[in-house]
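Secondary and tertiary structure notes
Spelled out from the first residue to the last, the chains are:
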Amino acid sequence: MALVKYILEDNSEVTIEAHVGQNLMQIAIENDVEGIEGACGGSCMCATCHVKVESVNGVELEERSELELEVLEMEIDEVATNSRLGCQIEINKEIESITVRIESIQSI
Amino acid sequence: MSVVIIGAGHAGTTAAAALRKFDKDIKISLFSEEGSIPYQRPPLSKKTIFSDTQNYDLILGKDFYNKNAIQLNLNSAVKEINPVQSYVRFNSKEIIEYDQLIIATGTKGYELNIPGGELAQTLYSINDAQKIAKSISKAKKIAVIGGGFIGCEIASGARKQNKEVTLLEAGASILGRSVAPIFAKSVSKYHHSQGINILTNCKALSINHNGIETTSSIISADLVIAGIGVTPNIKLAVEANLDIDNGVLVNEYLQTSNENIFAIGDIANFPFNSDSGRLRLESIQNASDQAKTVAKNIIALRNNQQFQSYTPIPWFWSDQGDLKLQMAGVGNLNAKHHVLENQTDGTLTVLHLVEGQLVAIDTLNHGLNHICGRKLLSHKKPILIDDIKRFKGDLKSLVKELN
Ligand SMILES: Cc1cc2nc3c(=O)[nH]c(=O)nc-3n(C[C@H](O)[C@H](O)[C@H](O)COP(=O)(O)OP(=O)(O)OC[C@H]3O[C@@H](n4cnc5c(N)ncnc54)[C@H](O)[C@@H]3O)c2cc1C
Ligand code: FES
């Protein structure tokens, strides 16, 4: 179990208790968190699950993979150092909590 | 202002969300013939039919519609478009007026027109998927008719569950129309190695409770699933006298022959630099990107602003057993195929070339080459095979050089 906090475009916040094994794109869709589309269903092809990681407690996240970075660069105008694909961040036992910012429906 | 959207598949639903993002005040009404909150279709053939849960993946959260004042009308088939008086009729006699209308009615599966054809199950909706899931859990021998993407996904998923699986394909190869022949061959080899019995050049002649009689043999099966392609749901558009040809004809702004009626997703036949000068796609990329373009253009129409053209680099994926197939661009009959050299084991990258120029790329278990391929296809200048050869198959370095 980990606490996932999404900061939405209007700066409101939603916090969800998420299970190990789920990724941040799935958690957002299942819990009605606005602004994550997840068009490719987590196939690492669309970047409509773009989030910016603000903080993580419990463990450091693994670096973005080469593929993830390529997808971000292709689809997002300004890739920040904390830009990630939500579908590539999976909740594991070590993560206690994570806060990410969503930039609403992506690539419009 | 009122926008009415017919069909709450990936296209219609995403268009509603995008319109709401751009304008807080427009009245948005979304009509669905189905009874379920809009859901994603790709997982149906990849996991839903192999699971015993009733869960499925929604496109937007279930409360999104209420929270965003999108009037979602489920179980509400639209029966008529009246383009002269700008209204649609739904259920039997209710009427709703529109300023702009979006047709996103998608496709429906072809029926199998052979004796016993009704015994074959087909997969398009969540209802179909839940029904097939029950049948699969009970079946031992499964025959899948149609070796397209969905047929291959169903066959490989069933095989993973240790079912005895036969895959029938009427053409000379599975995935015949969709990928390079050498690519299809490689996928076919994999399925064969997993124990799927693939029969090509094989047509089903009749179905009964024991199985299928085909042009080559009799196949025993206790469950038959058919995935033989789909046809666009054009009835409403035909009756409204819109221009039709393999779907609803739209211009590069996704406008039909009526300037206040737009069409998007699987139903829309749009201008594209292809053999016929047009293209109709059946993919999530297309549904999602057209939805966003149409939302922009409806707002632009309202504000007298410039329209945006829809000029995609199409992409698609399919999950088959341990294989991830990713396709980008649009191949054609004149294309030559070139297997990219120096690739890691278990992967395959095939380039489609027309007059030496890259037009499409198929990759197997190689997401990075897929993404690099899309970057190359979207490059201002044509990418030539000689450019690619110079980098000895390293697409990423070529992308870097071009930037
Ligand atoms: C099993 C399966 C697996 C797939 N896998 C992939 C994949 O891996 N990758 C990929 O890119 N694509 C995949 N696709 C294709 C993708 O799902 C479609 O391209 C996409 O759903 C098209 O969206 P759409 O909104 O245009 O049409 P649809 O999703 O077909 O939605 C149209 C909706 O309109 C409704 N409708 C029709 N007529 C009316 C009416 N008169 N009134 C009200 N409602 C009406 C229909 O009932 C339907 O709900 C798959 C499709 C299926 C069926
Ligand atoms: S859902 Fe498509 S890249 Fe994450």
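Residues numbered from 1 in each chain as written. Chains lettered and ligands numbered in written order. Predicted model: local features only at pLDDT ≥ 70, side-chain atom pairs only at ≥ 80, totals over all residues. Heavy atoms only, no water.

All names here are of chain B. Glu34, Arg41, Lys46, Tyr124 and Asp266 are the nearest of the 33 residues found near ligand 1. Take Glu33: an N or O atom from its side chain is 3.0 Å from an oxygen atom of ligand 1. Trp317 is positioned such that a nitrogen or oxygen atom in its backbone is 3.1 Å from an oxygen atom of ligand 1. Coverage of ligand 1 by the protein chains reaches 95% of its 1,000 Å² of free accessible surface. Among the elements that take part in the shell around ligand 1, helix 2 (residues 42-46) stands out by supplying 3 residues, more than any other. Partitioned by chemical class, the residues of the shell around ligand 1 number 15 nonpolar, 12 polar and 6 charged. Looking at which domains feed residues into the shell around ligand 1, each of domain 1 (2-42 + 58-108 + 231-302) and domain 2 (111-226) supplies at least three. (Near = heavy atom within 4 Å. Polar contact = N/O pair within 3.5 Å; in protein donor to acceptor, adjacent residues only side chain to side chain. Areas by Shrake-Rupley, 256 points an atom, 1.4 Å probe, with all protein chains shown as cover. Helix = DSSP H or I, 4+ residues; strand = E, 2+ residues; numbered from the N terminus. Nonpolar A, V, L, I, M, F, W, Y, C, P; charged D, E, K, R; others polar. Domains from an automatic or database assignment.)

On to the sheet that holds strand 3 (residues 50-57) of chain A. Residues and elements named next belong to chain A. Strand order in the open sheet formed by 5 strands is 2-1-5-3-4, with mixed pairing between adjacent strands. Every interior strand has two partners, whereas the edge strands, strand 2 (13-18) and strand 4 (83-85), have only one. Within the sheet, the average angular offset between the axes of one strand and its neighbour, ignoring direction, is 35°. In this sheet, strand 4 lies alongside strand 3 in antiparallel orientation, the contact comprising 3 bridges. (Pairing = 2+ DSSP bridges. Axes fitted to C-alpha atoms, helices over the stretch in contact; angles between N-to-C directions.)

Attention shifts here to the interface of chain B and chain A. Taken together, the contact between chain B and chain A spans 33 residues of the former and 25 residues of the latter. Note on chain B versus chain A: buried area summed over both sides is about 2,400 Å², and carbon and sulfur give 55% of it. Three residues stand out in chain B for area buried against chain A, namely B:Lys21, B:Lys292 and B:Lys375, and they jointly supply 22% of the buried area on that side. At the boundary of chain B and chain A, one finds 9 salt bridges. Across the pair A:Glu75 and B:Arg374 runs a salt bridge whose closest N-O atoms are separated by 3.1 Å. If you list the elements that add at least two residues to the side of chain B that touches chain A, you get helix 1 (10-22), helix 3 (64-67), helix 8 (284-302), strand 22 (315-320), strand 23 (323-329), helix 9 (367-377) and helix 11 (395-402) of chain B. In terms of residues, the side of chain B that touches chain A owes the most to one element, helix 9 of chain B, which gives 7 residues. Each residue belonging to the side of chain B that touches chain A can be placed in one class, and the counts come to 13 nonpolar, 9 polar and 11 charged. (Contact = heavy atoms within 4.5 Å. Buried area = accessible area lost by both parts, 1.4 Å probe. Salt bridge = Lys/Arg side-chain N within 4 Å of Asp/Glu carboxyl O.)

Turning our eyes to something else, we now look at the domain arrangement of chain B. Residue and element names in this part refer to chain B. When its domains are assigned, chain B resolves into domain 1 (2-42 + 58-108 + 231-302), domain 2 (111-226) and domain 3 (322-402). Here domain 2 and domain 3 have C-alpha centroids that lie 30 Å from each other. In this complex, domain 2 contributes 11 residues to the contact, which on the side of domain 3 involves 12 residues. Summing the contributions of domain 2 and of domain 3, the shared interface buries around 970 Å²; its carbon and sulfur component is 78%. Put simply, domain 2 and domain 3 have 1 salt bridge between them. Across the pair Lys160 and Asp322 runs a salt bridge, and its minimum N-O distance is 2.7 Å. Taken together, the links from domain 2 to domain 3 amount to 3 residue pairs in polar contact (both at pLDDT 80 or more).

Here we come to the environment of B:Gln161. Residue and element names in this part refer to chain B. Note on placement: Gln161 falls in the loop between helix 5 (149-160) and strand 11 (164-168). Along the sequence, Gln161 and Lys140 sit 21 residues apart, while their C-alpha atoms lie 9.7 Å from each other. With residues near it in sequence (within four places) discarded, Gln161 still touches Phe50 and Ile136. Polar contacts involving the side chain of Gln161 include one to the main-chain carbonyl oxygen of Phe50, which spans 3.2 Å.

Another point: the packing of aromatic side chains. For any pair of aromatic rings, the description consists of the separation of the ring centres together with the inter-plane angle of the planes. Residue and element names in this part refer to chain B. Applying the stated criterion to the full structure yields 8 aromatic pairs over all chains. A centroid spacing of 6.3 Å and a plane angle of 35° characterise the contact between Trp315 and Trp317, whose relative ring orientation is tilted. Each member of the pair, Trp315 together with Trp317, is buried. Through successive ring pairs, a cluster of aromatic residues spans Phe270, Phe272 and Tyr310. (Phe/Tyr/Trp six-rings, centres within 6.5 Å; stacked < 30°, edge-to-face > 60°. Buried < 20%, exposed > 50% of the residue type's maximum accessible area, 1.4 Å probe, protein only.)

The pairing of strands in a sheet comes from backbone hydrogen bonds and takes either a parallel or an antiparallel form. Residues and elements named next belong to chain B. Across the sheet, which stays open at both edges, the 3 strands sit in the order 13-14-15 with antiparallel pairing between neighbours. Where the open sheet ends on each side, the last strands, each with one partner, are strand 13 (204-208) and strand 15 (218-220). The sheet shows a mean angle of 20° between the axes of neighbouring strands, direction not considered. Pairing analysis gives 3 bridges linking strand 14 (residues 211-214) to strand 15, with the strands arranged antiparallel. Paired with Gly211 across the two strands is Ser220, which belongs to strand 15.

Residues and elements named next belong to chain B. On the secondary structure map, His352 appears in strand 25 (residues 348-354). Overall, His352 belongs to the buried group, its relative accessible area being 5%. Side chain to side chain, His352 and His337 meet in a polar contact 3.3 Å long. Polar side-chain contacts of His352 include one of 2.8 Å to the side chain of Asp362. Those residues in contact with His352, other than ones at most four positions away along the chain, are Val179, Ala180, Gly331, Ala335, Lys336, His337, Gln357, Leu358, Val359, Ala360, Ile361 and Asp362.

Glancing now at the confidence of the model for chain A. Taken residue by residue, chain A gives an average pLDDT of 91. The fraction at 70 or more is 95%. Confidence, read as mean pLDDT per element, is least for helix 1 (residues 24-30) of chain A in chain A (92) and greatest for strand 4 of chain A (97). (pLDDT = per-residue confidence, 0-100.)

Side-chain pairs of opposite charge can arise where the charged atoms are in close proximity. For the structure shown, the criterion picks out 23 salt bridges over all chains. The network of salt bridges with shared partners includes A:Glu66, A:Glu70, A:Glu73, B:Lys375, B:Lys396 and B:Lys400.

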